[in-house]
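Residue-level listing of the chains:
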Amino acid sequence: MDQSSSADSPAGSRSPEFPDFVASRGRQLLRTAFLLTGGDAYLAEDLVQEALGRIFVKWHKIERLENPSGYAQTVLVNTFLSHRRRRSASERVTAEFPDVAVDDPDPALRLTLLRALGELAAKDRAVLVLRFWEDRSVEETAAALRLSSAAVRTRSSRALARMRVALADDFADDFGAAVRRAPGTSSSTQKAVLRHVN
């Protein structure tokens, strides 16, 4: 194996697969960011762009990982959490959501879900998105957020309970059944809830 050729080549020539990675995973990252930001499409785009910039700088190492997509999602979540810390003093609360063209058969439910997600603390929101949108295990979520598995289960259970309270009465029964499931277990109802906002 010729190590000198890879070590001496410039970063740009070492990363021909990066555009392919962005093309295949960029849309998924944007959907995740959209959920993390509570439906702020502009901020979601900014976060994805910042995360991809961070990934590109280390792409020669990241492309060798077993799961570069999982690593990219972790970078995105960490970018979101650090953005929340930087902006917490300057953010403005609003009852209005930006107009977004959707073909959702139930836009009222979509807005209710986005609003409920937006009312959660940043880490709680990240836990729900990773667990039930990204379908990660408790252990994977814990590693991505640098939490213990017990903390992920606790945050997940509490956040789901808050979501249930925030949701409309006609949807609360289905969601309530999901909340009563054992913490840390994935459920199609929970994942369907988050898929509704995408």
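Relevant structure appears above.
I will try to describe carefully the structure that is included in this document. (Residues numbered from 1 in each chain as written. Predicted model: local features only at pLDDT ≥ 70, side-chain atom pairs only at ≥ 80, totals over all residues. Heavy atoms only, no water.)

With their axes 10 Å apart at the nearest point, helix H8 (residues 122–133) and helix H9 (residues 138–145) run at an angle of 140° to one another. Of the possible angle classes, the one that applies to H8 and H9 is oblique. For the pair H8 and H9, the crossing hand works out as right-handed. Contacts from Lys123, Ala126, Val127, Leu130 and Arg131 in H8 reach Val138, Thr141, Ala144 and Leu145 in H9. Each residue belonging to the contact of H8 with H9 can be placed in one class, and the counts come to 6 nonpolar, 1 polar and 2 charged. (Axes fitted to C-alpha atoms, helices over the stretch in contact; angles between N-to-C directions. Helix = DSSP H or I, 4+ residues; strand = E, 2+ residues; numbered from the N terminus. Parallel < 35°, antiparallel > 145°, perpendicular 65-115°, else oblique. Left-handed = near helix turned anticlockwise from the far one by under 90°. Contact = heavy atoms within 4.5 Å. Nonpolar A, V, L, I, M, F, W, Y, C, P; charged D, E, K, R; others polar.)

Inspection of the secondary structure assignment puts Thr74 in helix H6 (residues 68–87). Of the residues examined, Thr74 reaches a relative accessible area of 18% and is grouped as buried. Counting along the chain gives 69 residues from Thr74 to Ala143, while the straight-line C-alpha distance between them is 8.8 Å. The residues contacting Thr74, other than those within four sequence positions of it, are Arg136 and Ala144. (Buried < 20%, exposed > 50% of the residue type's maximum accessible area, 1.4 Å probe, protein only.)

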